Amino acid sequence: MVFNKICMNNLQKMPPDKSILADRTFEFAINIIKIYKHLARIEKEYVMSNQLLRSGTAIGAMVREARNGESKLDFIHKLSIAFKECNESIY
């Protein structure tokens, strides 16, 4: 709940085209793609790398969707999903 409150305050105060969270999750997704390419090409690991690619890039997508949420509850719900995807990527 604290995570949601902090994110909501930060995202809603920023201009529509600027968000620290959106920028950082985009950078994270780029790094995840680089890791995925390494795992798939060099290590020949496909199952885990595909899952990491999906969960790691979903974080930024959900943050973007949250910014366009239809309500505060929708906003919180989408950020919660982003948080879950983050935990999955860490695991």
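The coordinates are above.
Position labels on residues start from 1 in each chain and follow its written sequence. The predicted origin of the model limits local features to residues at a pLDDT of at least 70 and limits the giving and counting of side-chain atom pairs to 80 or more, whereas totals for whole chains, interfaces and linings rest on all residues. In computing side-chain values, all of the structure's heavy atoms are included and hydrogens and water are not.

Engineer: Before we move on, can you summarise the side chain of Ser-89 with the specific residues and values?
Structural biologist: Every helix listed is a DSSP run of H or I at least four residues long, and every strand listed is a run of E at least two residues long, numbered separately from the N terminus. Mapping Ser-89 onto the fold places it in helix 4 (residues 72-90). If we skip the residues at most four places from it in the chain, Ser-89 touches Phe-28, Leu-52, Ser-55, Gly-56 and Ile-59. Contacts: residue pairs with any heavy atoms within 4.5 Å of one another.

Engineer: So what about the pattern of salt bridges? Which residues, and what values?
Structural biologist: Whenever a carboxyl oxygen of Asp or Glu lies within 4 Å of a side-chain nitrogen of Lys or Arg, that contact is scored as a salt bridge. Counted according to the given criterion, the structure contains two salt bridges. Notably, a salt bridge pairs Glu-65 with Lys-78, separated by 3.9 Å at the nearest N-O pair. Residue Glu-65 is found in helix 3 (residues 47-67), and its partner Lys-78 is found in helix 4; the two are separated by 13 residues along the sequence. Its salt-bridge partner being Lys-78, residue Asp-74 comes within 3.1 Å of it at the nearest N-O pair.

Engineer: Which residues make up helix 4, and what values do they have?
Structural biologist: Within an α-helix, residues lying three or four positions from one another point in the same direction, as the helix has 3.6 residues per turn. Here helix 4 spans 27 Å end to end across 19 residues, near enough to the 27 Å set by a 1.5 Å rise per residue. Accessibility here uses a 1.4 Å probe with only protein chains present; expressed as a share of the type maximum, an area under 20% marks a residue as buried, one over 50% as exposed, and anything in between as partly exposed. Taken together, the buried positions of helix 4 are Asp-74, Phe-75, Lys-78, Leu-79, Ala-82, Glu-85 and Ser-89. Down the axis of helix 4, the sector holding all buried residues measures 130°, keeping them to one side. The exposed residues of helix 4 that point more than 90 degrees off its buried face are Lys-72, Leu-73, Lys-84 and Ile-90. Between the first and last residue of a helix there are one fewer steps than residues, each counted as 1.5 Å, and that sum is the expected span. Of all possible arcs, the one meant is that of the directions from the helix axis to the C-beta atoms.

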